[in-house]
Amino acid sequence: MPVPRLFEASNEPREQWVHVVATLLSLGGPETRTALIEELSGEALPGADALLVFEQRPLRGSDGLLADIIARGAGWTLAIQSTLAFDADEEARLAATHDALSEVYDKVILVAITPDRKPSPAVQRAASGDRDVRHRSWLRVRDWVQERPERGKAQGTDLLL
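Per-chain numbering applies: the sequence of each chain, read as written, is numbered from 1 onward. In view of the model being predicted, local features appear only for residues whose pLDDT reaches at least 70, and side-chain atom pairs are presented and counted only at 80 or more, with totals across whole chains, interfaces and linings using the full set of residues. Where side-chain values are given, they derive from all heavy atoms of the structure, hydrogens and water being excluded.

Description of the sheet that holds strand 3 (residues 77-82)
As a reminder of what qualifies: Pairing between strands is defined by DSSP: at least two bridges between the two strands are required. The helix count covers DSSP runs of H or I at least four residues long, the strand count covers runs of E at least two residues long, and both are numbered beginning at the N terminus. Simply put, an axis is a line fit to the C-alpha atoms, just over the touching stretch for a helix, and the angle between two N-to-C directions goes from 0 to 180 degrees. Any two residues whose heavy atoms approach within 4.5 Å are treated as being in contact.
Read from one edge of the open sheet, five strands run 1-2-3-4-5, paired in mixed fashion. In this open sheet, the two strands that pair with only one neighbour each are strand 1 (52-58) and strand 5 (133-137). Neighbouring strand axes in the sheet, compared pairwise and without regard to direction, differ in orientation by 25° on average. Where strand 1 lies against strand 2 (residues 66-72), six bridges are found, and the strand directions are antiparallel. In the strand pairing of strand 2, Val 53 is matched with Ala 71. Contacting strand 1, strand 2 and strand 3, helix 1 (residues 13-27) runs over the sheet at an angle of about 155° to strand 1. Contacts between helix 2 (residues 30-41) and the sheet are confined to strand 2, strand 3, strand 4 (108-114) and strand 5, with strand 5 contributing the most and set at about 110° to the helix.

Points about the nonpolar core
Put simply, the test is: We call a set of buried Ala, Val, Leu, Ile, Met, Phe, Trp, Tyr and Cys residues a nonpolar core when their side-chain atoms join them within 4.5 Å. When a residue's accessible area, from a 1.4 Å probe over protein chains only, is under 20% of the maximum for its type it is buried; when over 50% it is exposed; and in between it is partly exposed.
Ranked by internal contacts, the top residues of the largest apolar core, which has 25 residues, are Val 21, Leu 25, Ile 37, Ile 69 and Ile 80. Breaking this core down by element, the ones donating at least two residues are helix 1, helix 2, strand 2, strand 3, strand 4 and helix 5 (138-147). The element contributing the most residues to this core is helix 1, with five residues. When sequence neighbours within four positions are dropped, the list of residues in contact with Ile 37 reads Leu 25, Gly 42, Glu 43, Leu 45, Ala 48, Leu 51, Ala 71, Trp 76 and Leu 78. Counting residues in hydrophobic clusters, the runner-up holds 14 residues, among them Ile 70, Ala 79, Val 108 and Ala 112.

Things to note about the side chain of Ser 137
Using the following cut-off: For this analysis, a polar contact is any N or O atom pair within 3.5 Å, provided that within protein one partner can donate a hydrogen and the other can accept it, and provided that sequence-adjacent residues contribute only side-chain to side-chain pairs.
Summarising the element assignment, Ser 137 is placed in strand 5. The exposure class assigned to Ser 137 is buried, which follows from its relative accessible area of 8%. Only 3.1 Å separates the side chain of Ser 137 from the backbone nitrogen of Leu 139, close enough to count as a polar contact. Not counting the four nearest positions on each side in its chain, Ser 137 is found in contact with Ile 113, Thr 114, Pro 115, Asp 116 and Arg 117.

Brief notes about unusual backbone geometry
Non-glycine residue Gln 56 carries a positive phi angle of around 50°. Taking relative accessible area as the criterion, Gln 56 reaches 27% and is therefore assigned partly exposed. Phi is positive for Asp 87, close to 50°, though the residue is something other than glycine. Along the chain, Asp 87 falls in the loop between strand 3 and helix 3 (91-102).

Side note on helix 1
The test is simple: The length a helix should cover is 1.5 Å for every residue beyond the first.
Here helix 1 spans 21 Å end to end across 15 residues, near enough to the 21 Å set by a 1.5 Å rise per residue. Every buried residue of helix 1 is accounted for by Arg 14, Val 18, Val 21, Ala 22, Thr 23, Leu 24 and Leu 25.

Re the environment of Pro 13
Position of Pro 13 among the secondary structure elements: in helix 1. Classification of Pro 13 as partly exposed rests on a relative accessible area of 45%. Along the primary structure Pro 13 and Leu 84 are separated by 71 residues, whereas in three dimensions their C-alpha atoms are 8.4 Å apart.

Here you go:
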């Protein structure tokens, strides 16, 4: 009789990095969650210590579009779309993600994580109009994940990662 799989690890580096960020958001302690949400969004969001986190979430009304991470807090939704390609043309995917989430939730913040140090033209175009699209560099996120346990009072999950 075959043994059921409890989880499946991806061999794609981008998905592995996304999984680390999603794991920190879902299993980290309240201080870690709050600090990581503030780092990603650029602002302190209420109720960031008690999140509902989804990874690789299909979006309603879109044909096969997946959000890498969706974190739901008290009155806000933070979504993450990422790429490991420099200066990638992600405008359509970012706009479609933000628009699909805006139909369902009130305050939507979409964070584009790319290897670029500054927002690419595609990210800037996706942020036009009413869309709240922000940029973070994978280097900054990686440094935050690696340095966080040394910043003080880290808990078991943080030390494990």
